[in-house]
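Next come the chains, spelled out residue by residue.
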Amino acid sequence: MAKSPEVKLAVFGRAGVGKSALVVRFLTRRFIWEYDPTLESTYRHQANIDDEVVTMEILDTAGQEDVQQKEGHMRWGDGFVIVYDITDRGSFEEVGPLRSLLEEVKKPKNVPLVLVGNKSDLDHIRQVGTEEGERLAAEMACAFYECSACANEGGAVAEAFHELCREVRRR
Ligand code: GDP
Ligand code: MG
């Protein structure tokens, strides 16, 4: 029997954007309010994606690493989720530099990536418009999801991870 494919995914973004909450939501379908922000963890998860069992290894980075540590995580990963918080413009402005570092580390390959604008439940204090996220994703030629780790309307969190797996498998 063919061994089921394995993909290594790493989640990047400024501390506090909700990386841990998103990963935990994806893995457990639950929302956990407080997560140690300094913690870095890896999880294994299996999912059936387009009739194929895919094993994911997911690295939830702390978001406070220095450049060397970030580069190490980038070399490790096959695919990347870059997360910003729609209520934190600074976190959106960190997406571009992260993408550049990824390109640098992974060149000459073109990097499987999804962009996630998290905390869409906090629309009343939004600082980054949906169109801005869409535009940035178009520039980076990647899929874009606005979602909420706590509300998770329409299962957008899982959709983002699954789409990233597909993107990795297409390469
Ligand atoms: P990380 O540092 O990127 O891993 O961020 P965390 O997952 O630790 O989340 C940081 C804070 O944002 C915590 O207080 C979470 O409860 C909160 N948070 C995470 N995701 C959401 C979300 O979708 N909506 C709201 N309202 N809060 C969130
Ligand atoms: Mg965290």
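Our subject is the structure listed above.
Residues numbered from 1 in each chain as written. Chains lettered and ligands numbered in written order. Predicted model: local features only at pLDDT ≥ 70, side-chain atom pairs only at ≥ 80, totals over all residues. Heavy atoms only, no water.

S.K.: Is there a simple way to explain unusual backbone geometry in this structure?
M.R.: Outside of glycine, negative phi angles account for most residues, and trans bonds account for most peptide bonds. Cis geometry marks the peptide bond from K107 to P108; its omega dihedral reads 10°. Relative to the assigned elements, P108 resides in the loop between α4 (95–106) and β5 (113–118). The backbone of D50 sits at a positive phi, close to 50°, despite the residue not being glycine. Its place among the elements puts D50 in the loop between β2 (41–49) and β3 (52–60). Residue D50 is classed as exposed on the basis of its relative accessible area, which comes to 54%. Its identity as a non-glycine residue notwithstanding, N152 has a phi of 45°, on the positive side. By relative accessible area, which is 19% here, N152 ends up buried. (Helix = DSSP H or I, 4+ residues; strand = E, 2+ residues; numbered from the N terminus. Buried < 20%, exposed > 50% of the residue type's maximum accessible area, 1.4 Å probe, protein only.)

S.K.: What should I look at first to understand the sheet that holds β5 in this one?
M.R.: Strand order in the open sheet formed by six strands is β2-β3-β1-β4-β5-β6, with mixed pairing between adjacent strands. Edge strands, defined here as strands with exactly one partner in the open sheet, are β2 and β6 (143–146). Each strand axis lies, on average, 25° off the axis of its neighbour in the sheet, ignoring direction. Contacts from α4 reach β1 (6–12), β4 (79–85) and β5 within the one sheet, and its direction differs from that of β4 by about 165°. Sheet contacts for helix α6 (residues 156–170): β1, β2, β3, β4, β5 and β6; angle to β1, the most-contacted strand, approximately 125°. (Pairing = 2+ DSSP bridges. Axes fitted to C-alpha atoms, helices over the stretch in contact; angles between N-to-C directions. Contact = heavy atoms within 4.5 Å.)

S.K.: Hey, could you run me through the pairing of β1 in this one?
M.R.: For a regular strand, the rule is simple: side chains alternate between the two faces of the sheet. Of all seven residues that make up β1, five are buried, and the element is covered over most of its length. Pairing of β1 with β4, which is carried by four bridges, proceeds in the parallel orientation. Looking at the pairing, A10 lines up with F80 of β4.

S.K.: So what exactly am I meant to see when it comes to the side chain of S91 here?
M.R.: When you line up the elements, S91 lands in helix α3 (residues 89–93). Residues within four places of S91 in sequence aside, it is in contact with R14, V17, Y84 and D85.

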